[in-house]
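Here are the chains, one letter per residue:
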Amino acid sequence: MSLCAVLAAVALLPEGGQKLVFGPWEDPQPFVETIVRPQVHDFTAYDRCVLDYVYLGESGESFHMYFAGDKEVFGKDDVLASRKTVWEDRGQWVFGLSGWPKCTDPTNVTRIRIRTDMSRGGELWLRRLTLLKPGEALEPLPPLTADEQAAYDRFVKFRAERREREFREPRAAFVRTCAAAGLETTVCALGLADSMSRVRPRTGFDASAVRPALSASLDLARGEHEALQVVVLPTGRALTRFGVRCEGAPKGVDVTCSPVGYVKTVAQPIYGLGSTRDGHRHVGPTGTGWWPEPILSYTNACDVAVDDVQSFWIDVRAARTAAAGKYDLTLVATDANGVLRRIPFAVTVRDFEIPATSSLPVLVTFNPRPHDRTVGKDAMKAIMDDPASPVNLWKRHRDEWADFLADRFIMIDDLYGHDAKYADQLKRMKAQGRLGDFTIGYWNPARGDCGHWKAHDLVQLKAACETFREAGVLDHGWLYGADEVPIRGIAGVDKAAELLHEAFPGLRVMTTARDYSFGEAAPHVDAFCPPTEFYVKHAAAIPAARAKGREVWWYICESPRAPWANIYMECQPIEPRLLMGAM
């Protein structure tokens, strides 16, 4: 049965459909939406709802559809909902009508809400909305009218021209800037960017973040890492085995030159991207495409196609024994045909030394694995069971990963584990004088007579404690648990903390449970850790908690989202540095 034929307000979906037109989303701009009011309210005979659409926009945008009666509040009450990521210009959104939440009555559906997500702007043509009974086949997409086809063709042409312009203009600007500085650009343009610049290789390349590669410099203390980027854009031909090496580094100064790797995103994320303009923090759509992420330290060269932008990460580390002073080094950019440019590189080692461990206590989980919400449960199991999958291959290199993390003041750790799997690596860190805080094991709230908790949580934690005690690192461990338990469950959190102190006297207990009095409701907890936004919101309660000997930390995870700082791949690189203490 087509809902188009039975709408109470026919104007919502007239013959030929309705257009949902929206501009680029920016906070606090509201999402664009429409409400469809069907005359058929009893959906129990149907197992699918189908929306035929035409989308004029960027691939990877997402939309939402909600089903409710008259009383539910969208965005607050639990209603039947679906999220659709649009990959093609024309298609069908098929939504299964099952799993109705308790607050929504499937016999009285009076509103269907369709809204945008954090879009980059465009149009969604709602051509037809259909209910199907079990076994009924999908109807073919309705053909476009002559006017619609003409509008669609105009948009496709405009989008292609815009994409080409956005791709070409920043590259031309970069080449012009290099040429104006006196650099040769017939083969390639060479530039420099600082470590806080995100240099994207294709769409989204920002020429203003890169300056001509005339000379480079870095300052750092003994024991510190600092970095910059060498950026190349081939112009006349592809570059084979392009690389950067460093010459002239003195004893105690190590320079590593590694190509940056890139990760492609295809779906517009549910979070926005923060930016600062005019002294204010703004939030807009994140966008999709290729983003710089891994540093490929296992190689020192790569091939670069014409018009691709490739960055090399130049990591400088001053040993604790390095002599203070200014040193003249050279960065040499080469490809298979020889030297392309020699770049003077001044490195200044300051006459002081940074600590070997973080001055700010920090716990970071490190447990590479896929998530079933991303790949599905069956695919996740297959990945986890495959010895050759990356989530298992890295385990052969635990020591190298532990060193990599410790160089950045992070202990190799798993906040939600129980098996003390990193005990050997933490023992090495202690021997090196680099041991920081870590989690001993995760615990749940204690409920009822606590019998299950004692037989499960307590037994696992005792085994982990014994392993860490034998490794000689237990005094740096935390007992962390009750992740984000709401205030209504805080009694079970406090009971668990009390039992932990009885079983493990002297060990510290931390939670991210939602006690924003920071101890008034759970006095047996030693440390509370709210998300950054709630740390700020409840800052007035923190001094009193600390005066009583409790610690109050903060954390990030998949939230909070922009304008708050986070470490999503697309975030500005300055955000992790701000999070590590500067805030």
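Residues numbered from 1 in each chain as written. Predicted model: local features only at pLDDT ≥ 70, side-chain atom pairs only at ≥ 80, totals over all residues. Heavy atoms only, no water.

Of all hydrophobic cores here, the largest spans 48 residues; its most connected members are Ile440, Trp443, Phe468 and Leu479. When residues in this core are grouped by element, the largest group, seven residues, is from helix α7 (residues 451–471). Each residue touching phenylalanine 468, except ones within four places of it in the same chain, is listed here: Ala420, Ala423, Leu426, Phe438, Thr439, Ile440, Val473 and Leu474. Among the nonpolar cores identified, the runner-up in size contains 30 residues, and Ala318, Tyr327, Leu331 and Ala333 belong to it. (Core = buried A, V, L, I, M, F, W, Y, C linked by side-chain atoms within 4.5 Å. Buried < 20%, exposed > 50% of the residue type's maximum accessible area, 1.4 Å probe, protein only. Helix = DSSP H or I, 4+ residues; strand = E, 2+ residues; numbered from the N terminus. Contact = heavy atoms within 4.5 Å.)

In this model, the chain carries a mean pLDDT of 89, and residues with pLDDT of at least 70 account for 93%. Within the model, pLDDT remains below 50 along residues 1–14, and this stretch shows 35 contacts once partners closer than five positions in the same chain are excluded. (pLDDT = per-residue confidence, 0-100.)

So, on to the packing of helix α5 (residues 398–406) against helix α6 (residues 423–431). Running from amino to carboxyl end, α5 crosses α6 at an angle of 50°, the nearest separation of the two axes being 10 Å. Of the possible angle classes, the one that applies to α5 and α6 is oblique. Handedness of the crossing formed by α5 with α6: right-handed. Two secondary-structure elements touch here, α5 through Arg398, Asp399, Ala402, Asp403 and Ala406 and α6 through Gln425, Arg428 and Met429. Classifying every residue of the contact of α5 with α6 by side-chain character gives three nonpolar, one polar and four charged. (Axes fitted to C-alpha atoms, helices over the stretch in contact; angles between N-to-C directions. Parallel < 35°, antiparallel > 145°, perpendicular 65-115°, else oblique. Left-handed = near helix turned anticlockwise from the far one by under 90°. Nonpolar A, V, L, I, M, F, W, Y, C, P; charged D, E, K, R; others polar.)

Ordered by their spatial adjacency, four strands build an open sheet running β1-β8-β3-β6, and the pairing between neighbours is antiparallel. Every interior strand has two partners, whereas the edge strands, β1 (18–22) and β6 (90–96), have only one. Averaged over all neighbouring strand pairs, the angle between strand axes comes to 30°, with direction disregarded. Against the sheet, helix α1 (residues 146–180) engages β3 (48–56) and β8 (122–132), with an angle of about 130° to β8. (Pairing = 2+ DSSP bridges.)

This brings us to the state of the cysteines. In this structure the tally under the stated criterion is zero disulfides. In this structure cysteine 571 is a free cysteine whose sulfur lies 13 Å from that of cysteine 557, the closest cysteine sulfur available. Exposure remark for cysteine 571: the relative accessible area of 11% places this residue in the buried category. (Disulfide = S-S within 2.5 Å.)

This part takes up unusual backbone geometry. Between serine 559 and the following residue, proline 560, the backbone shows a cis peptide bond with an omega angle of 0°. Relative to the assigned elements, proline 560 resides in the loop between β26 (551–552) and α11 (574–582). A positive phi angle is found at alanine 482, which is not glycine, with a value near 50°. Here alanine 482 shows up in the loop between β23 (477–481) and α8 (490–503). Although it is not a glycine, glutamate 484 sits at a positive phi angle of roughly 55°. Residue placement: glutamate 484 occurs in the loop between β23 and α8.

This paragraph deals with the pairing of strand β22 (residues 438–443). The element β22 is extensively covered by neighbouring structure, given that six of its six residues are classed as buried. One ladder, built from five bridges, connects β22 with β23; its direction is parallel. Its bridge partner being in β23, tryptophan 443 is matched across the sheet by glycine 481. Running through α7, the crossover from β22 to the neighbouring parallel element β23 is right-handed. (Right-handed = clockwise from strand over helix to strand, strands pointing away.)

Our focus in this paragraph is the pattern of salt bridges. A full pass over the atoms with the stated rule returns 33 salt bridges. Note that arginine 113 is salt-bridged to glutamate 33, the shortest N-O span being 2.7 Å. Of this pair, arginine 113 sits in strand β7 (residues 111–116) while glutamate 33 sits in strand β2 (residues 33–36), placing them 80 residues apart in sequence. Glutamate 33 sits in the partly exposed class, given a relative accessible area of 35%. For aspartate 414, the salt bridge identified is with lysine 421, shortest N-O distance 2.6 Å. A cluster of three or more residues bridged by salt bridges with shared partners is formed by Asp399, Asp403, Asp407, Arg428 and Arg434. (Salt bridge = Lys/Arg side-chain N within 4 Å of Asp/Glu carboxyl O.)

With that settled, consider the packing of aromatic side chains. Scanning all chains against the criterion turns up 19 aromatic pairs. Between phenylalanine 43 and tryptophan 100 the ring centres are 6.4 Å apart and the planes differ by 85°, which places this aromatic pair in the edge-to-face class. One end of the pair, phenylalanine 43, is in the loop between β2 and β3; the other, tryptophan 100, is in the loop between β6 and β7, and 57 residues separate them in sequence. Tryptophan 100 matches phenylalanine 43 in its accessibility class, with the two residues each being buried. On the basis of an interplanar angle of 75° and a centroid distance of 5.7 Å, the ring pair of tyrosine 416 and tyrosine 480 is categorised as edge-to-face. Taken together, the residues tyrosine 416 in the loop between α5 and α6 and tyrosine 480 in strand β23 connect sequence positions 64 residues apart. Among the aromatic side chains, those forming a connected cluster through ring pairs are Phe366, Trp394, Trp401, Phe404 and Tyr422. (Phe/Tyr/Trp six-rings, centres within 6.5 Å; stacked < 30°, edge-to-face > 60°.)

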